[in-house]
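# Structure assessment
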Amino acid sequence: MNKVILLGRLTKDCNTKYTQTGKCVTTFTLAVNRPTTKDGEQQADFVPVVLWGESSRNCW
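Residues numbered from 1 in each chain as written. Predicted model: local features only at pLDDT ≥ 70, side-chain atom pairs only at ≥ 80, totals over all residues. Heavy atoms only, no water.

This next bit is on the side chain of T26. Among the structural elements, T26 can be located in strand β3 (residues 24-33). For T26, the side chain forms a polar contact with the side chain of T16, separated by 3.2 Å. (Helix = DSSP H or I, 4+ residues; strand = E, 2+ residues; numbered from the N terminus. Polar contact = N/O pair within 3.5 Å; in protein donor to acceptor, adjacent residues only side chain to side chain.)

Following this line, the structure appears as structure tokens:
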């Protein structure tokens, strides 16, 4: 199993829905800063995140 830890900022509130079978699904976008460039510019990557089941319930 791979493990990733991302530190960033939420771009907007989490969106939580339930499927027809009752599974919880939460989606959000995380803005993660890149190291500053030589010119001093700050850039960010926007990572879409989808959580299912128990992980989704723990998110809110």
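The rest of the description comes next.
Turning to the layout of surface pockets, a few remarks are in order. Within this model, the largest pocket holds a volume of roughly 190 Å³. Every residue lining the largest pocket is listed: V4, L6, F28, L30, V49 and L51. Listing elements by their share of the lining of the largest pocket, those giving two or more residues are β3 and β4 (44-52). Taken together, the residues that form the lining of the largest pocket break down as six nonpolar, no polar and no charged. (1 Å grid on protein atoms, 1.4 Å probe; cavity = no way out; pocket = protein on both sides within 12 Å on 5 of 7 lines; lining within 4 Å. Points joined across faces, edges and corners; volume = space filled by probe spheres on them. Nonpolar A, V, L, I, M, F, W, Y, C, P; charged D, E, K, R; others polar.)

Right, let's get into the side chain of S56. Tracing the chain through its elements places S56 in helix α1 (residues 53-59). Of the residues examined, S56 reaches a relative accessible area of 0% and is grouped as buried. Here the side chain of S56 touches T26 through a polar contact of 2.4 Å, side chain to side chain. When sequence neighbours within four positions are dropped, the list of residues in contact with S56 reads C24, V25, T26 and L51. (Buried < 20%, exposed > 50% of the residue type's maximum accessible area, 1.4 Å probe, protein only. Contact = heavy atoms within 4.5 Å.)

So, on to the pattern of salt bridges. Oppositely charged side chains may form a pair once their charged atoms are brought near each other. Tallied over the full model, the rule gives two salt bridges. Across the pair R34 and D45 runs a salt bridge whose closest N-O atoms are separated by 2.7 Å. Of the two residues, R34 is situated in the loop between β3 and β4 and D45 in strand β4; the sequence distance between them amounts to 11 residues. On the basis of relative accessible area, R34 is assigned to the partly exposed category, the value being 38%. (Salt bridge = Lys/Arg side-chain N within 4 Å of Asp/Glu carboxyl O.)

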